[in-house]
Structures are given as C-alpha cells and as structure tokens.
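Observations on the three-dimensional arrangement
One letter stands for each residue in the lines below.
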Amino acid sequence: MTENKRIVLSSDHAGLDLRAAIAAHIAGLGWEVVDIGPTTTESTHYPRHGEAAARRVASGDCRFGIILCGTGQGIMMAANRVRGIRCGVCSDPFSARMIRQHNDANMLSLGVRVVGEGLALDVVDAFLGAEFEGGRHATRVDMLDEIAG
Ligand code: RB5
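Worth saying up front: this structure is predicted, and the values here are computed from it rather than measured.

1. Quick look at the pairing of strand S3 (residues 64–69)
Judged by how many residues are buried, S3 sits mostly within the fold: six of six residues are covered. Covered by surrounding structure in S3 are Phe 64, Ile 66 and Leu 68 together with Gly 65, Ile 67 and Cys 69, the residues of both alternating faces. Here strand S1 (residues 6–11) runs beside S3; their pairing, made up of five bridges, is parallel. Within the sheet, the bridge partner assigned to Ser 11 lies in S3 and is Leu 68. Of the strand pairs in this sheet, S3 and strand S5 (residues 107–111) are connected by five bridges, and their pairing is parallel. If you follow Leu 68 over to S5, its bridge partner there is Leu 110.

Written as structure tokens, this is what we have:
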C-alpha cells in the first residue's frame, strides 16, 4: 500500500497568509497539499473550516490536517468534534512533537495571532517529523474513542 502523503489545509479569514506559507513549505518537503480554502479574507466561521478539514482526515482522504485561526483554539475545537480526530493547538515545537509521539495527533492547529511564520514552520516540522510511539500511549489513545458524546 502506498503511503498517504496528503495534508489538508484550512483556516478562517485570519489564516490565509500563514496557510500559504505552510503550503509552500510542506510541498517542498514532498507532501501533497490539499488546500480547501477559504480563498478570501472575508470574515467567515472557523467551525465550518475546522469540520471540513477534519472530515478529510477522518475519512482517510488525507493523512494529516493543519488548520489555523486567530488563536488556533476555535478551529481546533471544531475539528475535535469529528470522531477519530485528535487535534492539538501548538505554539512550540516540543508540544508539536509530543502530540504525535504520545497522542497520535492527526491534526495540528496554529494560532495566527500567536506565532510568527518562522516559529509556525518549526512547529509544523516538529509535528511532521515525529512518529507515534504506541505501547502504553496506544491504550490511552484508544480510550479517547471510548468517550461517548
Ligand atoms: C475570529 O476573529 C477569531 O475568533 C478566530 O480566528 C479564532 O481566534 C477563534 O478561535
């Protein structure tokens, strides 16, 4: 089976410039970018974009998702409502690495008003460069899916 190298990107109106920078960066790393917008800075609603990106990951169409809003928080909350999604907001590379290694995160959320472009790209690199460790962490990740709504 070929490895899924697709990453879905989305944001609200706050995220267009940083989203474009991330798209160029990860494309340069060999990932296929699936940018689902929005394409203008007209005010929009982060729950819609967080859910749309999350569904691409939950369905298996994309391996990972990277989403952005002003703080990264609102769009992360939307993504985590979709079953099978594990999304964390990260403003530092250590956290980004750990959510892959320990939480098997499949989505990363960034706050456009929190991190600059250089730090954001370091966070993305840490996220994409880390692997889930499994073992005792797999037991805990499985427990997340057992939590009923
Ligand atoms: C939009 O102004 C802002 O609320 C949004 O980008 C995000 O920060 C929400 O969590």
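2. What about the nonpolar core?
Core analysis: the biggest nonpolar cluster contains 25 residues, and Ile 22, Leu 108 and Leu 110 have the highest contact counts within it. Contributing elements (two or more residues each) for this core: S1, helix H1 (16–28), S3, helix H4 (93–101), S5 and helix H5 (117–129). Residue contacts for Leu 108: discarding those within four places in its chain leaves Gly 65, Ile 66, Ile 67, Cys 87, Gly 88, Cys 90, Ile 99, Val 123, Val 124 and Phe 127.

3. Things to note about the packing of aromatic side chains
By the definition in use, this model includes two aromatic pairs. Among the aromatic residues, ring-to-ring pairing joins Trp 31, Phe 64 and Phe 127 into one connected group.

4. Focus on the packing of H4 against H5
For the pair H4 and H5, interaxial distance at closest approach is 7 Å and the crossing angle is 25°. In terms of orientation, H4 lies roughly parallel with respect to H5. The interaxial crossing formed by H4 with H5 has right-handed handedness. Residues Pro 93, Ala 96, Arg 97, Ile 99 and Arg 100 of H4 touch H5, and the partners they reach there are Leu 119, Asp 122, Val 123, Ala 126 and Phe 127.

5. Observations concerning the layout of surface pockets
By volume, the largest pocket is sized at about 300 Å³. What lines the largest pocket is a set of twelve residues, and nearest its centre among them are Asn 80, Ile 85, Leu 144, Asp 145 and Ile 147. Looking at the lining of the largest pocket, its residues break down into five nonpolar, three polar and four charged.

Conventions and cut-offs
- Residues numbered from 1 in each chain as written.
- Predicted model: local features only at pLDDT ≥ 70, side-chain atom pairs only at ≥ 80, totals over all residues.
- Heavy atoms only, no water.
- Buried < 20%, exposed > 50% of the residue type's maximum accessible area, 1.4 Å probe, protein only.
- Helix = DSSP H or I, 4+ residues; strand = E, 2+ residues; numbered from the N terminus.
- Pairing = 2+ DSSP bridges.
- Core = buried A, V, L, I, M, F, W, Y, C linked by side-chain atoms within 4.5 Å.
- Contact = heavy atoms within 4.5 Å.
- Phe/Tyr/Trp six-rings, centres within 6.5 Å; stacked < 30°, edge-to-face > 60°.
- Axes fitted to C-alpha atoms, helices over the stretch in contact; angles between N-to-C directions.
- Parallel < 35°, antiparallel > 145°, perpendicular 65-115°, else oblique.
- Left-handed = near helix turned anticlockwise from the far one by under 90°.
- 1 Å grid on protein atoms, 1.4 Å probe; cavity = no way out; pocket = protein on both sides within 12 Å on 5 of 7 lines; lining within 4 Å.
- Points joined across faces, edges and corners; volume = space filled by probe spheres on them.
- Nonpolar A, V, L, I, M, F, W, Y, C, P; charged D, E, K, R; others polar.

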